[in-house]
Amino acid sequence: MKIAVRMDDIAPEMDWTKFLRFQELCDQYQIKPLLGIVPANKDENLCVGKKNDMPANGFWEYVKELEKRGWSIAQHGVFHQYLTKKMGCFPLNRLSEFAGISYEQQYTMLKTGQDILRQHGIVPNLFMAPAHSFDYNTIKALKKLGFCGLTDGFGDRPYRRWGMVFYPISYRQSQSLKKTKGYTTFVVHTNTMQENDFARYRKIFEQHRDDIISYRELLKVQPYRRGFLGNLREYGMALVKFVLVNGMCVRKKSSVEKV
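### Thoughts on the packing of helix 1 (residues 16-28) against helix 2 (residues 59-68)
In a pair of packed helices, the angle between the axes and the distance between the axes together describe the arrangement.
Phase 1 of the analysis: The interhelical angle for the contact between helix 1 and helix 2, taken along N-to-C directions, is 15 degrees, at an axis separation of 14 Å. Classed by the angle they form, the pair helix 1 and helix 2 counts as roughly parallel. Seen along the crossing, helix 1 lies across helix 2 with a hand that is left-handed. Facing helix 1, whose interface residues are W16, F19, L20 and Q23, helix 2 presents F59, Y62 and L66.

The following block contains the structure:
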């Protein structure tokens with residue numbers, strides 16, 4: 001299976017030490033990921049970096065420099081604030097910046113983010129929803145604004161739905177590494193990476209050199225039109241993963257309380 005990499009939560013306030021460390025790892029193995037840029041971050045959980053660690057040319061110029069080197073860019077929400085507890089069309093989480101909000105409000109929000117990126121010379125046509133959560137109004141607004149694809153969904157290759165192209169993410173990385181056919185994306189949050197995460201990705205990049213592709217290569221893959229049963233299966237997979245992940249979190253919390 002061919003594997004692309006996407007990096008979420010890219011903002012001026014991110015942990016630059018970890019980001020630059022992962023970037024160095026990508027450079028070593030000639031990997032060119034997709035960057036999910038938060039246009040105007042207001043999520044305090046993402047404010048974990050130090051300004052002194054930012055490259056000298058500043059955030060926006062550095063992002064454009066990576067784009068010139070072959071990295072790809074997606075708009076990652078607008079403010080990265082969770083405004084509702086709706087699950088949306090892809091039920092991996094019960095919180096969202098968009099799902100459950102009117103089309104008019106979503107359009108205004110998304111255009112605000114798009115305008116900010118354009119003011120800095122960045123014009124992506126891909127969208128990345130915070131918490132993987134969006135609804136049909138999100139899709140409708142994105143299409144109106146000229147976006148043509150989302151990095152989300154489950155499957156073995158890009159597919160068309162609602163007049164957009166979806167580039168699936170990995171349901172389980174260990175499972176994806178065993179497959180021999182298809183395409184997927186590994187989701188990376190450098191802000192929360194620990195030593196074992198860096199070691200794990202180094203091992204993956206080393207052992208699967210021939211399987212890792214740039215995100216731009218993934219964008220060239222011809223999408224197919226998936227039917228109702230495929231869409232239903234995806235929804236079920238996302239819902240099962242939500243239940244499993246949240247059940248695990250509850251068990252961990254219970255264990256801590258007992259201690």
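There's more to say after this.
### Things to note about the side chain of E234
Phase 1 of the analysis: Tracing the backbone shows E234 in helix 8 (residues 228-258).
Phase 2 of the analysis: For E234, the side chain forms a polar contact with the side chain of Y159, separated by 2.4 Å.
Phase 3 of the analysis: In contact with E234, not counting residues within four places along its chain, are F90, G153, F154, Y159, R161 and R226.

### Overview of the side chain of Q23
Phase 1 of the analysis: As for its position among the elements, Q23 is in helix 1.
Phase 2 of the analysis: With sequence-adjacent residues up to four places away left out, Q23 is seen in contact with Y62, L66, R69 and W71.

### Structural notes on helix 3 (residues 103-119)
It helps to recall that an α-helix has 3.6 residues per turn; residues three or four apart then point in one direction.
Phase 1 of the analysis: Taking 1.5 Å as the rise per residue, helix 3 with 17 residues should run 24 Å; its terminal C-alpha atoms sit 24 Å apart, in good agreement.
Phase 2 of the analysis: Residues of helix 3 that are buried include every one of Y103, Q106, M109, L110, G113, Q114, I116 and L117, and no others. Projection of helix 3 onto a plane perpendicular to its axis shows the buried side chains occupying an angular sector of 160 degrees, all on one side. Across helix 3 from its buried face, at more than 90 degrees, point the exposed residues E104 and Q119.
Phase 3 of the analysis: Contact partners of the buried residues in helix 3: strand 2 (34-37), helix 2, strand 3 (72-76), strand 4 (126-128) and helix 4 (136-144).
Phase 4 of the analysis: Looking one or two residues past helix 3, G121 carries a phi angle of roughly 80 degrees, positive in sign.

### Describing the pattern of salt bridges
Phase 1 of the analysis: Applying the stated criterion across every chain yields a total of 10 salt bridges.
Phase 2 of the analysis: Close ionic contact of D27 with R69 constitutes a salt bridge, the shortest N to O distance being 2.9 Å. Highlighted residues: D27 in helix 1 and R69 in the loop between helix 2 and strand 3, separated in sequence by 42 residues.
Phase 3 of the analysis: Under the relative-accessibility criterion, R69 is labelled partly exposed at 33%.
Phase 4 of the analysis: One salt bridge connects E234 with R161, and the closest N-O pair in it is separated by 3.6 Å. Here R161 lies in strand 6 (residues 159-161) and E234 lies in helix 8, a separation of 73 residues in the sequence.
Phase 5 of the analysis: Given a relative accessible area of 3%, E234 falls into the buried group.
Phase 6 of the analysis: The structure contains a network of salt bridges with shared partners spanning R161, R226 and E234.

Basis of the calculations
Residues numbered from 1 in each chain as written. Predicted model: local features only at pLDDT ≥ 70, side-chain atom pairs only at ≥ 80, totals over all residues. Heavy atoms only, no water. Axes fitted to C-alpha atoms, helices over the stretch in contact; angles between N-to-C directions. Helix = DSSP H or I, 4+ residues; strand = E, 2+ residues; numbered from the N terminus. Parallel < 35°, antiparallel > 145°, perpendicular 65-115°, else oblique. Left-handed = near helix turned anticlockwise from the far one by under 90°. Contact = heavy atoms within 4.5 Å. Polar contact = N/O pair within 3.5 Å; in protein donor to acceptor, adjacent residues only side chain to side chain. Expected span 1.5 Å × (residues − 1). Buried < 20%, exposed > 50% of the residue type's maximum accessible area, 1.4 Å probe, protein only. Arc of directions from axis to C-beta. Salt bridge = Lys/Arg side-chain N within 4 Å of Asp/Glu carboxyl O.

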